[in-house]
Amino acid sequence: MLQLKLIVHMTREPGARFRPDSRDHTPTYLISFLQIHSISLFISISRASRRYAQSSSEKKMGAGKDEVSALHDLVASAGGCAVVDGGFATQLEKHGAVINDPLWSALCLIQNPGLIKKVHMEYLEAGADVLVTSSYQATIPGFLSRGLSADEGERLLQKSVVLAVEARDEFWEAEGLAGRGYSRALVAASIGSYGAYLADGSEYSGCYGPDVGLDKLKDFHRRRLRVLVKAGADMLAFETIPNKLEAQACMELLQEEDVQIPSWICFSSVDGLNAPSGDSFEDCLAVLNKSRRVTAVGINCAPPHFVESLIRKLRKLTKKVIVVYPNSGEVWDGKEKKWLPSTCFNDHHFGLFASRWRDAGAQLIGGCCRTTPCTVRAISKALKSNY
Ligand SMILES: C[S+](C)CC[C@H](N)C(=O)O
Ligand SMILES: N[C@@H](CCS)C(=O)O
Ligand SMILES: [Zn+2]
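Quick caveat, the model's predicted, so the values are computed rather than measured. (Residues numbered from 1 in each chain as written. Chains lettered and ligands numbered in written order. Predicted model: local features only at pLDDT ≥ 70, side-chain atom pairs only at ≥ 80, totals over all residues. Heavy atoms only, no water.)

### Quick look at the site of ligand 2
Stage number 1. Around ligand 2, the structure places Phe88, Ala89, Trp104, Ser105, Tyr136, Glu239, Thr240, Asn300, Cys301, Cys368 and Cys369.
Stage number 2. Within the contact set of ligand 2, an oxygen atom lies 3.3 Å away from a backbone nitrogen or oxygen of phenylalanine 88.
Stage number 3. Within the side chain of serine 105, a nitrogen or oxygen atom sits 2.9 Å from an oxygen atom of ligand 2.
Stage number 4. Counting only elements with at least two residues in the shell around ligand 2, the list comes to helix H6 (88-94) and strand E4 (235-241).
Stage number 5. The residue makeup of the shell around ligand 2, split by class, is seven nonpolar, three polar and one charged. (Near = heavy atom within 4 Å. Polar contact = N/O pair within 3.5 Å; in protein donor to acceptor, adjacent residues only side chain to side chain. Helix = DSSP H or I, 4+ residues; strand = E, 2+ residues; numbered from the N terminus. Nonpolar A, V, L, I, M, F, W, Y, C, P; charged D, E, K, R; others polar.)

Structure follows, in structure tokens:
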């Protein structure tokens, strides 16, 4: 209908002006004129409606071209290797937070959101280019089992993004940072594994039992992912994924939900060779390589001693950006809910090894549990000293 009205309008008044030859007033000319305009208008209208549909779906789940390349742009602006922050829960605890709880670090979303923002600020000051949000163990079912409503749970998830965005914006707007080796940090919404939600340490075993299949894992991740994207995260950080099945679920979900912002999928590892379940990284990467929506892959919360050889292994298996942020080397006791001492890296080691990890092919480097802003400062200094 709209198409018809436009054709009539265009051929009535300005029509005479469009005639290339004023002698040619034949009906044949008019018919071909109408045909040509009808086709070109049809094409323009289809293009416009396609653009509209595209921009609405982009608004729905995140973004357009600029956001898709945001992670690559950050890596480039950081000189080829950007810095991820460090142990978020660890730094909360250093400030006195007690998080021995099924919600773990997400407990602070309820009890002390101000502290969350302070910790984000501390990591920015230490040189982090990526802030990972406080949503690792924040899930709707987790909040429901605390007596909160689903709406309240969604608001807490949204808050986890808002707190990090506020910290980033306040930090960035402070005077003269752009010229001093800082990049405008990205906010990566943390999506802890199903094992993290179970709160029994199974993110380090990957043994979810026979009842947990692909669809169950997708359903578990779907709602939180939607809320975090809508809340304005710059990217998604799937953390401590312990098996191939969950990696596949996350990847398929990015596709199904038409997520346009970048994402990384990181595995834990306890033997330095495979994912904790025993699934080989060859198999895991063969799955993730199929999707362009997985921007980066890597390792988090594994002992730092394994990292260099794992980067070399991953480098052979994928062209994606590689991200590594190991823990200190201590081992999580899921039953007792405490860290057991083991061979550890101190901050000085992290500084030394960060350059080796970069040279082996990592483009995003940080720390996970039991590392602190001092660790990130050492990493940042090592990676950006020549920059
Ligand atoms: C990264 S682990 C130390 C987080 C805590 C774990 N999911 C638990 O609740 O036991
Ligand atoms: N980013 C998480 C830890 C992942 S193992 C946190 O510290 O809350
Ligand atoms: Zn960790």
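### Looking at the coordination of the zinc ion (ligand 3)
Stage number 1. Within the protein, the zinc ion (ligand 3) binds to Cys301 (SG), Cys368 (SG) and Cys369 (SG); these donor distances fall in the range 2.2 to 2.4 Å.
Stage number 2. Because the angles between the four donor atoms bound to the zinc ion (ligand 3) fall within 96 to 130°, the donor set is best described as tetrahedral.
Stage number 3. Read in sequence order, the donor residues for the zinc ion (ligand 3) give the motif C-x66-C-C.
Stage number 4. According to the relative accessible area criterion, cysteine 368 is buried, its value standing at 9%. (Donors = N, O, S within 2.8 Å, 3.2 Å for Na, K, Ca; no water. Tetrahedral: all angles 85-135°; square planar, octahedral: opposite > 155°, others 65-115°. Buried < 20%, exposed > 50% of the residue type's maximum accessible area, 1.4 Å probe, protein only.)

### Some remarks on the site of ligand 1
Stage number 1. Every residue close to ligand 1 is listed here: Trp104, Tyr136, Gln137, Ala196, Ala199, Gly201, Glu203, Tyr204, Trp332, Lys337, Trp339 and Cys369.
Stage number 2. One nitrogen or oxygen atom from the side chain of lysine 337 is found 2.7 Å from an oxygen atom belonging to ligand 1.
Stage number 3. Burial of ligand 1 by the protein amounts to 99% of the accessible area it has alone, namely 330 Å².
Stage number 4. The residue makeup of the shell around ligand 1, split by class, is eight nonpolar, two polar and two charged. (Areas by Shrake-Rupley, 256 points an atom, 1.4 Å probe, with all protein chains shown as cover.)

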